Amino acid sequence: MTLPRRAVLAAGLAAGLAGCGRASAPSTTWAEPVSSAEPPAAAPSSSAPAPARSAAAATAPYAGKVKETLTKYLKPTKDNPKHPGYAGAVALVLQDGTARMTTAVGHALRYGAGPVDLPAAKRVTMRTDSIFDLASLTKVYTAILTLQLVDQGKIALDAPVRQYLPDFTGAGKEKITVAMLLAHTSALPVGAKVTGMANNTARWKSVLATPLVSGGVPGTTFRYSSTGLMVLGRLVEKLTGKTLDRALRDNLATPLGLKDTGFQPLKWVTDKQRLVATDARTSRELLRGTVHDDVCNVLGGVAGHAGVFGTARDVAVIGQMLLNGGTYNGKRILSAGTVQKMLTNVNKGKKAIDAERPGRSADHGLGVEMNQTWFMGKLASPTAFGHTGFTGTSLLVVPAKRMVVVLLTNRAHPNWSWSNPDTHRVAVHNVIAA
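Let me begin by describing the structure that accompanies this report. Bear in mind that the values here come from a model prediction, so they are computed numbers and not experimental data. (Residues numbered from 1 in each chain as written. Predicted model: local features only at pLDDT ≥ 70, side-chain atom pairs only at ≥ 80, totals over all residues. Heavy atoms only, no water.)

Some details on the layout of surface pockets
At step 1: Within this model, the largest pocket holds a volume of roughly 380 Å³.
At step 2: As for the largest pocket, its lining consists of 19 residues, and the residues nearest its centre are R249, T261, G262, F263 and W268.
At step 3: Sorting the residues of the lining of the largest pocket by element identifies helix 7 (244–256) and strand 8 (262–263) as the ones contributing at least two each.
At step 4: In terms of residues, the lining of the largest pocket owes the most to one element, helix 7, which gives 5 residues.
At step 5: The residue makeup of the lining of the largest pocket, split by class, is 7 nonpolar, 5 polar and 7 charged. (1 Å grid on protein atoms, 1.4 Å probe; cavity = no way out; pocket = protein on both sides within 12 Å on 5 of 7 lines; lining within 4 Å. Points joined across faces, edges and corners; volume = space filled by probe spheres on them. Helix = DSSP H or I, 4+ residues; strand = E, 2+ residues; numbered from the N terminus. Nonpolar A, V, L, I, M, F, W, Y, C, P; charged D, E, K, R; others polar.)

Put into structure tokens, the structure is as follows:
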């Protein structure tokens, strides 16, 4: 299976640049994983309280079926017959702020570069506190950092982006507002050219000068754009006076106690066995703790569209904070009014263009997907919101059920073309909805 969006994302990269947007490597023979008992859940490393647990946590009616479903995709299935869906996965469900289930299956590391199937002694079992490359879930974090600036009166949602970033140049781009970038209605393309340049200054200048798609009119059509969130990341940097990784740490992760969340995890993760592997093809060798997204990697591992790593527990806190109206554990991250704007469908009636998911609607808030059955399955509803990541990650919040669902898989290990992650997401969400 190939994914058009990834091909588009890689289009701006030089032919010799290795990465996740390349054609599939020669297939490796799949072998049955060596069974191993699931390790006990490790205590969260964050100093902030974990989501509360209760006796109900062990008796959630869907817990056993979720575990069974996750385990099924460790092997080839009828809907993905050539390869396993992923090497490993972690699922976590909160309801009313209580952890109803947390489980891990499979391996955080299963394959070496090549890819080759590692012997059992060299594989690393998935843990509930394993740290994943969250990929495009990063966009949710960038959106929150942007909306904090709205709360502070430093930017206005309906203001032209060029008002804050004069280097945001190009025909028609003077009409693009901050809200359009958040809602993916800017008419910017999926990716941006960042190769063949001397340094990051030149690369970011290229990002900001990315032209509109042919015939694109800002504000009229939903067209998923990583470039738009890259621009917002630069906006956050300019108006906070901090690099994006520091802004994430100081303005979001630290207030929420998310010590397992951040860019460039090789710099701050002490127990490297917690890092979940992604690609294992020879183009970039084995990726484990290095960002999977090619463009983010060229930019140094820090960008507004990709690059954040984290655990299921930490991702769940983000979902719970938004479900709470902007607060968590006594810390206010966003005003209630801004959260309401963020979680309102701002694209009603607009056309959606998505080559990867032609049946997708334009429904989107300011930084989050809304009511999208292609990944939410039967948990989709007009108020349900969340996001997905290319590496196999997803966050789903269902306000009507007061529920947060986090599903993190390493489906890009060893090769992103092996499986369709939406299959696994829908299967798990349907089990929980049943």
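A look at the environment of N410
At step 1: Secondary-structure assignment places N410 in the loop between strand 16 (403–409) and helix 12 (421–433).
At step 2: Overall, the relative accessible area of 2% leaves N410 in the buried class.
At step 3: In the structure, N410 is positioned 284 residues away from M126 in sequence and 10.0 Å away in space, judged by C-alpha atoms.
At step 4: Once you skip the residues sitting within four places of it in the chain, N410 turns out to touch Y86, A87, G88, H107, A108, M126, F132, V276, A277 and T391.
At step 5: A polar side-chain atom of N410 sits 2.8 Å from the main-chain amide nitrogen of G88.
At step 6: At 3.1 Å, the side chain of N410 forms a polar contact with the backbone oxygen of H107. (Buried < 20%, exposed > 50% of the residue type's maximum accessible area, 1.4 Å probe, protein only. Contact = heavy atoms within 4.5 Å. Polar contact = N/O pair within 3.5 Å; in protein donor to acceptor, adjacent residues only side chain to side chain.)

What to know about the sheet that holds strand 13 (residues 369–370)
At step 1: Ordered by their spatial adjacency, 7 strands build an open sheet running 5-2-1-16-15-14-13, and the pairing between neighbours is antiparallel. The strands lining the two open edges of the sheet, one partner per strand, are strand 5 (124–125) and strand 13.
At step 2: Lying on the sheet, helix 12 is in contact with strand 1 (88–95), strand 14 (385–389), strand 15 (393–398) and strand 16; it crosses strand 16 at an angle near 145°. (Pairing = 2+ DSSP bridges. Axes fitted to C-alpha atoms, helices over the stretch in contact; angles between N-to-C directions.)

So, the packing of helix 2 (residues 63–72) against helix 12
At step 1: Running from N to C, helix 2 and helix 12 point in directions that differ by 165°, and their axes come no closer than 9 Å. Classified by the interaxial angle, the pair formed by helix 2 and helix 12 is roughly antiparallel. Crossing of helix 2 against helix 12: the hand is right-handed. In contact with K65, V66, T69 and L70 of helix 2, helix 12 contributes A427, V428, V431 and I432.
At step 2: For the contact of helix 2 with helix 12, the per-class residue count stands at 6 nonpolar, 1 polar and 1 charged. (Parallel < 35°, antiparallel > 145°, perpendicular 65-115°, else oblique. Left-handed = near helix turned anticlockwise from the far one by under 90°.)

Considerations on the environment of R249
At step 1: As for its placement among the helices and strands, R249 is situated in helix 7.
At step 2: Among the residues examined, R249 registers a relative accessible area of 40% and is labelled partly exposed.
At step 3: For the pair R249 and T261, spaced 12 residues apart in sequence, the C-alpha separation works out to 8.1 Å.
At step 4: If we skip the residues at most four places from it in the chain, R249 touches T254 and P255.

Points about the packing of aromatic side chains
Two aromatic rings are characterised by how far apart their centres lie and by the angle between their planes.
At step 1: Applying the stated rule across the entire model yields 4 aromatic pairs.
At step 2: With 5.7 Å between their ring centres and 85° between their planes, Y111 and W418 make a pair best called edge-to-face. Within this pair, whereas Y111 is found in strand 3 (residues 111–112), its partner W418 is found in the loop between strand 16 and helix 12, the two being separated by 307 residues in sequence.
At step 3: A residue is classified by how much of its surface remains accessible, and Y111, at 2% relative accessible area, is buried.
At step 4: A cation over a ring is seen here: R411 above F390, with NZ or CZ 4.5 Å from the ring centre. (Phe/Tyr/Trp six-rings, centres within 6.5 Å; stacked < 30°, edge-to-face > 60°. Lys NZ or Arg CZ within 6 Å of the ring centre and 35° of its normal.)

Structural notes on the sheet that holds strand 9 (residues 308–310)
At step 1: The strand order across the open sheet formed by 3 strands is 6-9-8, and the pairing between neighbours is antiparallel. What marks the edges here is a single partner per strand, and that holds for strand 6 (132–133) and strand 8.
At step 2: Both strand 8 and strand 9 contribute to a ladder of 2 bridges, which runs antiparallel. Within strand 9, the position partnered with G262 by the bridge is F309.

A short note on helix 2
At step 1: Listing the buried residues of helix 2 in full gives A63, V66, T69 and L70. End-on, the buried residues of helix 2 take up no more than an arc of 125°, which puts them together on one face.
At step 2: On its buried face, helix 2 is in contact with strand 1, strand 2 (98–109), strand 16 and helix 12. (Arc of directions from axis to C-beta.)

A look at the nonpolar core
At step 1: If you look at the biggest cluster of nonpolar residues, it comprises 93 residues, and the most contacted ones within it are Y141, I144, V178, L252, M342 and V406.
At step 2: Among the nonpolar cores identified, the runner-up in size contains 27 residues, and A63, A91, F375 and M403 belong to it. (Core = buried A, V, L, I, M, F, W, Y, C linked by side-chain atoms within 4.5 Å.)

Some points on unusual backbone geometry
At step 1: In this chain, G114 is followed by P115 through a cis amide linkage whose omega measures -5°.
At step 2: With respect to the element layout, P115 can be found in the loop between strand 3 and strand 4 (116–117).
At step 3: Along the chain, H413 connects to P414 via a cis peptide bond; the corresponding omega equals 10°.
At step 4: Topologically, P414 is positioned in the loop between strand 16 and helix 12.
At step 5: In the Ramachandran plot, A187 falls in the positive-phi region, its phi being about 70° despite a non-glycine side chain.
At step 6: Its place among the elements puts A187 in the loop between helix 4 (178–183) and helix 5 (200–208).
At step 7: Since its relative accessible area comes to 5%, A187 is described here as buried.
At step 8: Residue N329 is not a glycine yet carries a positive backbone phi of 50°.
At step 9: Along the polypeptide, N329 turns up in the loop between strand 10 (327–328) and strand 11 (331–332).
At step 10: The partly exposed category is assigned to N329, whose relative accessible area is 49%.

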